[in-house]
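Analysis of the macromolecular model
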Amino acid sequence: MVKSYPSKYGVIASDIGVQILGGSGYIREYPLEQYYRDNRLNPIHEGTEGIHGLDLLGRKLQQHGGAGYRLFLGQVAHTLDEAGRDPRCSPMSYLLAGALERLERVTDSLLAQVAEDASLGLCNATPYLDLFGRVLVGWLWLRMARVSSQALDAGAQGSEADFYHGKLQAARYFMDWELAGIDAQAQLLISANRSSFDMQNHWF
């Protein structure tokens with residue numbers, strides 16, 4: 001996820017920036033065009049997202065008896081506990097807690113699917129990687145929100161306070177819009193959707 005998520009969404013962020021600036025964002029006289037071209041290389045350098053998804057679901061989750069996955073869950077639970085007691089962060093903590101629960105249900109379902117039929121179970125590994133990445137990034141945003149809230153409580157003023165308010169608002173946006181996207185993904189993954197699996201080469 002450290003490789004795949006930034007590689008994928010860095011390109012999307014640059015694309016949005018070009019769209020905002022319109023023609024000025026598209027021409028070489030302005031730096032955003034170069035940022036987009038540079039970011040577009042990252043998914044190529046970092047390998048295919050599909051391979052990363054297969055590696056995560058097929059190997060990494062169960063590596064060392066699932067110790068890494070359980071460590072991740074524990075770290076997120078700790079952050080949720082802290083943020084849940086912070087009035088600024090508690091609504092975001094609630095949303096992330098729900099997302100974490102969905103991630104656990106999807107993970108359990110997919111591991112069972114892989115155990116029963118590896119090819120079918122792994123066919124939706126790429127959207128699972130994306131779902132997991134959104135939860136992970138939601139956790140990072142909640143941590144940033146918690147630090148920002150503490151800084152405001154400590155008396156941050158002026159431009160420093162603006163910076164922390166901006167971090168809190170960005171975290172709220174991610175929880176409300178980006179994290180919400182996992183709901184449809186979760187339903188399809190748990191249902192073992194076969195749309196891609198049933199496609200035949202000679203149908204292309």
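Just above, that's the structure.
Okay, so let's go over this structure. (Residues numbered from 1 in each chain as written. Predicted model: local features only at pLDDT ≥ 70, side-chain atom pairs only at ≥ 80, totals over all residues. Heavy atoms only, no water.)

1. Focus: helix α1 (residues 4-21)
Along its 18 residues, α1 runs 26 Å from first to last C-alpha, staying within 8% of the 26 Å computed at 1.5 Å per residue. Taken together, the buried positions of α1 are S4, Y5, S7, Y9, G10, V11, S14, G17 and V18. Packed against the buried residues of α1 are α2 (23-26), α3 (31-45), α4 (49-58), α8 (125-153) and α9 (158-178). Taken from the residues just after α1, G22 is the one with a positive phi, measuring 65°. (Helix = DSSP H or I, 4+ residues; strand = E, 2+ residues; numbered from the N terminus. Expected span 1.5 Å × (residues − 1). Buried < 20%, exposed > 50% of the residue type's maximum accessible area, 1.4 Å probe, protein only. Contact = heavy atoms within 4.5 Å.)

2. Notes on the packing of α1 against α3
In contact at an axis separation of 8 Å, α1 and α3 are set at 160° when each is read in the N-to-C sense. Here α1 lies roughly antiparallel to α3, going by the angle between them. Classified by chirality, the crossing of α3 by α1 is left-handed. Contact with α1, carried on its side by S7, G10, V11, S14, D15, G17, V18 and L21, involves L32, Y35, Y36, N39, R40, N42 and P43 of α3 and no other residues of that element. For the contact of α1 with α3, the per-class residue count stands at seven nonpolar, six polar and two charged. (Axes fitted to C-alpha atoms, helices over the stretch in contact; angles between N-to-C directions. Parallel < 35°, antiparallel > 145°, perpendicular 65-115°, else oblique. Left-handed = near helix turned anticlockwise from the far one by under 90°. Nonpolar A, V, L, I, M, F, W, Y, C, P; charged D, E, K, R; others polar.)

3. Here we look at the environment of L131
If you trace the backbone, L131 turns up in helix α8. Taking the C-alpha atoms as reference points, L131 and G181, separated by 50 residues in sequence, lie 8.2 Å from one another. Ignoring anything within four residues of it in the chain, the contact list for L131 reads L103, V106, I182, Q185, A186 and L189.

4. Observations regarding the packing of aromatic side chains
One pass over the structure, following the stated rule, counts seven aromatic pairs. Between F72 and W139, the ring centres sit 5.8 Å apart and the planes meet at 90°, which makes this aromatic pair edge-to-face. Here the residue F72 occupies a position in helix α5 (residues 67-83), and W139 occupies one in helix α8, the gap between them amounting to 67 residues. Taking relative accessible area as the criterion, W139 reaches 11% and is therefore assigned buried. With a centroid separation of 5.3 Å and 75° between ring planes, the pair formed by F163 and Y164 is classed as edge-to-face. Residue classification places Y164 among the buried positions, given a relative accessible area of 17%. An aromatic cluster is present here, built from Y69, F72, Y128, F132 and W139 joined pairwise through their rings. Sitting over the ring of W139, R143 keeps its end group 4.9 Å from the ring centre. (Phe/Tyr/Trp six-rings, centres within 6.5 Å; stacked < 30°, edge-to-face > 60°. Lys NZ or Arg CZ within 6 Å of the ring centre and 35° of its normal.)

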